[in-house]
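Residues per chain, in single letters:
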Amino acid sequence: MKTNLLFLILLVFTISLTAQNKHINKQLKLINHEPSSFIQRNNSIQTDKKDVIKKEIDEYKTTISLDETILDSIVYYQFTSDIDSVRMLKKESESYESGLPMVRYEYAWDESNNHWINAEKTEFTFDENGNETSYYEFLWDIDQNIWVGNKKMDLTYDDYGYEESFIYLKWNGELNSWDNYYKEEMDHDENGNLLLLVSWESDDVNEWILYYKEEHTYNLDGTINTSILTFWDADLNDWVHYQKEEFSYLESGLANERLYYLWNMDSWNLQVKTDYTYTITNKYDSLVSYIREEDQWNLLGKNTFEYNESDYETLNLRYNWDVDHWIYNDRSEKEYDVNNNVTKRVYSSWNPDDNDWNYSNQYLSEFDEYSNTTMASSYYWDNEANTWAGNFKLTYIYSEAGKIFKSTEYVWDESTFEWKLDHKGYYYRTITGIPEKLEIDNLVVYPNPVENILNIKSQNPINLNCSVVSINGQILMQFQFSGTNAQVNIYDLPRGVYMLHLNNGVTTTVRKIIKN
């Protein structure tokens, strides 16, 4: 869907690398800074398919994290000239009293009859802790004049609030029923560390068959110790190991060494190891990898890093070992604004024939004072023109309440090498229904999601009674807001979804906040 695509593009420009923590997904995201392409070269078709399925699922789950609790509708327009536009698409939402989404409708504009027609509908349910328990997507059947199924996801959670099961079904129009597609069952410890994940896929007769499983162990401090990936072999009717990773750590808890194994018939075959070194501020200094050949370790690749005065990464250089010396492989460069938002990313690869760097991709971003993205653009290097050429560009305007009020999309004009409004289906969107008439609605609450400190900012002095309320209505915190700025420490709240109630004595507004 268009909004999903917009969100994912925006997400690419706003997510930055975080410090190590106890959860397996974040740990591996950091540790998997593999200097060589060995592991990528040795991935099987099975792992490629697994990654495609997981990416599709993650994209649908991501739509729930959009903070649209006060959103009534979005209207998209297609440009017919530089100044004229026509209606194309509209989205409307209904929410639960908690502010979480209940139903989202999507309409297409029928120009011949001059009215909106049904296109798509999504229904959501949540448990008392704000965890999503179902996501049902329907499409409008014009011929039958009814909603028909498209995709369906159901989720359950354990006593700690971590995901326990996930089932993904797709609609079969010929049989008029749901088809099995993919499912997972997970086991976490009380700290959220993933211990076991078992997955199934559907066979040709719509029966569940085992697919793959992940097994993870952890040290006492919560750092990951081992990670094993295994696939189901239908012919053997048994699990067959595929790969294993083992990690060791310094006393500080930082990863010291990573060992990578592949399964060989009946035993693990050690393939690659990576050694890590760090700066005095515990940032990566270098990663050096070795390949196991004839019972000895031979150099394979390495990464080196540079940082700015604020200790944010500005350069990542990757090398390959060539007989007796290092040679460049590729590099990534980053620049930041005063708030440490990444404003520029440039990727290059080394050309040994020219003995120089060849540009490949560039991403530019701009942000406002609250670190909201105001512009996001992507470029590729045009070798023939010997300059950058555009892939996409989006600009965003925010309301005083900090919500996207308008976005404009551009396409690259290859004849002029400049951006222009796209006349072929790119849209700007206007969000309607946001009450702007009251000062209380113009408050900015950030960051969201939040870990410890929640900031509240008003353009004008205002007095408010504030409370943080759980999804089931329990008041967990109460405080007074007076003036234009305040900071609220929510460190003691468990991770989850909460509602921030703001009352000025006349009216109350509610903002959803997500505690990480």
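Up top is the structure.
Keep in mind that what you see is a predicted model, and the values were worked out from it rather than measured.

A. Local environment of the overall build of the protein. Regarding its fold elements, the protein presents four helices and 30 strands. Evaluated residue by residue, the protein yields a buried proportion of 46% over its 516 residues. Sequence-distant contacts, at least 24 apart, represent 39% of the contacts inside the protein between residues at least 6 apart. A total of about 27,300 Å² of accessible surface is found on the protein, and carbon and sulfur atoms cover 46% of it.

B. Main features of unusual backbone geometry. Residue Pro-447 is bonded to the preceding Tyr-446 through a cis peptide linkage, with omega at -10°. Checked against the element boundaries, Pro-447 lands in the loop between strand E26 (444-446) and strand E27 (453-469). Unlike most non-glycine residues, Asn-282 shows phi in positive territory, near 70°. Note on placement: Asn-282 falls in the loop between strand E14 (267-278) and strand E15 (284-293). Relative accessible area serves as the criterion here: at 45%, Asn-282 is assigned to the partly exposed category. Phi angles above zero are rare outside glycine, and Glu-294 is one such case at about 50°. You can see Glu-294 is positioned in the loop between E15 and strand E16 (296-307). Judged by its relative accessible area of 78%, Glu-294 is exposed.

C. Structural view of the side chain of Lys-121. Its place among the elements puts Lys-121 in strand E4 (residues 115-126). By relative accessible area, Lys-121 is classed as buried at 12%. A distance of 3.3 Å separates polar atoms of two side chains, one belonging to Lys-121 and the other to Glu-123. Not counting residues within four places of it along the chain, the set of residues in contact with Lys-121 comprises Val-103, Arg-104, Tyr-105, Tyr-136, Glu-137, Phe-138 and Trp-147.

D. Spotlight on the nonpolar core. Ranked by size, the top nonpolar core spans 38 residues in total, and within it Phe-166, Tyr-182 and Tyr-212 carry the most contacts. Of all hydrophobic cores here, the second largest spans 18 residues; its members include Leu-443, Ile-456, Val-468 and Leu-500.

E. Region of interest: the pairing of E16. In this sheet, E16 lies alongside E15 in antiparallel orientation, the contact comprising eight bridges. In the strand pairing of E16, Ser-286 is matched with Thr-304. What sits between the antiparallel neighbours E15 and E16 is a turn of two residues, in which Glu-294 has the positive phi angle 50°. Pairing of E16 with strand E17 (residues 313-322), which is carried by seven bridges, proceeds in the antiparallel orientation. When the bridges of E17 are listed, Lys-302 appears paired with Tyr-319. Linkage of E16 to E17, two consecutive antiparallel strands, is achieved through a turn of five residues, within which Asp-311 is found at a positive phi near 70°.

F. Looking closely at a negative patch on the surface. On the surface, Asp-159, Glu-164, Glu-185 and Asp-187 cluster together into a negatively charged patch. Along the chain, Asp-159 turns up in the loop between strand E6 (146-157) and strand E7 (163-172). On the basis of relative accessibility, which here comes to 83%, the residue Asp-159 falls in the exposed class.

G. Region of the structure containing the pattern of salt bridges. Under the defined criterion, the tally for this structure stands at 11 salt bridges. Here Lys-90 ties to Glu-92 by a salt bridge, and the two come within 3.2 Å at their closest N and O atoms. A residue is classified by how much of its surface remains accessible, and Lys-90, at 14% relative accessible area, is buried. The partner of Glu-246 in a salt bridge is Lys-244, with the nearest N and O atoms 3.3 Å apart. On the accessibility criterion, Glu-246 (24% relative accessible area) is partly exposed.

H. Spatial organisation of the pairing of E6. Where strand E5 (residues 132-141) meets E6, eight bridges bridge the pair, whose relative direction is antiparallel. Bridging from a neighbouring strand, Glu-137 pairs with Lys-151 of E6. Counting the residues between successive antiparallel strands, the hairpin from E5 to E6 contains four residues, one of them, Asn-145, with a positive phi of roughly 60°. Both E6 and E7 contribute to a ladder of seven bridges, which runs antiparallel.

I. Geometry of the environment of Val-468. Structurally, Val-468 is set in strand E27. What Val-468 contacts, discounting residues up to four positions off in sequence, is Gln-474, Ile-475, Leu-476, Met-477, Phe-479, Leu-493, Tyr-498, Met-499, Leu-500 and Ile-513.

J. A look at the environment of Glu-132. Inspection of the secondary structure assignment puts Glu-132 in strand E5. The spatial distance from the C-alpha of Glu-132 to the C-alpha of Met-153 is 9.8 Å, given a sequence separation of 21 residues.

K. Structural detail: the packing of aromatic side chains. All chains considered together, the criterion is met by 33 aromatic pairs. Plain terms: the ring middles of Phe-166 and Tyr-168 are 6.4 Å apart, the flat faces sit at 50° to each other, and that makes the pair tilted. No difference in accessibility class separates Phe-166 from Tyr-168, as the two residues are buried. The interplanar angle of 80° and the centroid separation of 5.8 Å between the aromatic rings of Phe-231 and Tyr-242 together place this pair among those described as edge-to-face. Residue Phe-231 is found in strand E11 (residues 224-233), and its partner Tyr-242 is found in strand E12 (residues 238-249); the two are separated by 11 residues along the sequence. Aromatic ring contacts, followed pair by pair, group Tyr-319, Trp-321, Trp-326, Tyr-328, Trp-350 and Trp-357 into a single cluster. For Lys-170, the ring lying beneath its charged end belongs to Tyr-181, and the centroid distance is 4.0 Å.

The rules behind each value
- Residues numbered from 1 in each chain as written.
- Predicted model: local features only at pLDDT ≥ 70, side-chain atom pairs only at ≥ 80, totals over all residues.
- Heavy atoms only, no water.
- Helix = DSSP H or I, 4+ residues; strand = E, 2+ residues; numbered from the N terminus.
- Buried < 20%, exposed > 50% of the residue type's maximum accessible area, 1.4 Å probe, protein only.
- Contact = heavy atoms within 4.5 Å.
- Areas by Shrake-Rupley, 256 points an atom, 1.4 Å probe, with all protein chains shown as cover.
- Polar contact = N/O pair within 3.5 Å; in protein donor to acceptor, adjacent residues only side chain to side chain.
- Core = buried A, V, L, I, M, F, W, Y, C linked by side-chain atoms within 4.5 Å.
- Pairing = 2+ DSSP bridges.
- Patch = residues over 30% accessible without salt bridge, like charges linked within 9 Å, V, L, I, M, F, W, Y side chains within 5 Å.
- Salt bridge = Lys/Arg side-chain N within 4 Å of Asp/Glu carboxyl O.
- Lys, Arg positive; Asp, Glu negative; His and termini not counted.
- Charge placed at Lys NZ, Arg CZ, Asp CG, Glu CD.
- Phe/Tyr/Trp six-rings, centres within 6.5 Å; stacked < 30°, edge-to-face > 60°.
- Lys NZ or Arg CZ within 6 Å of the ring centre and 35° of its normal.

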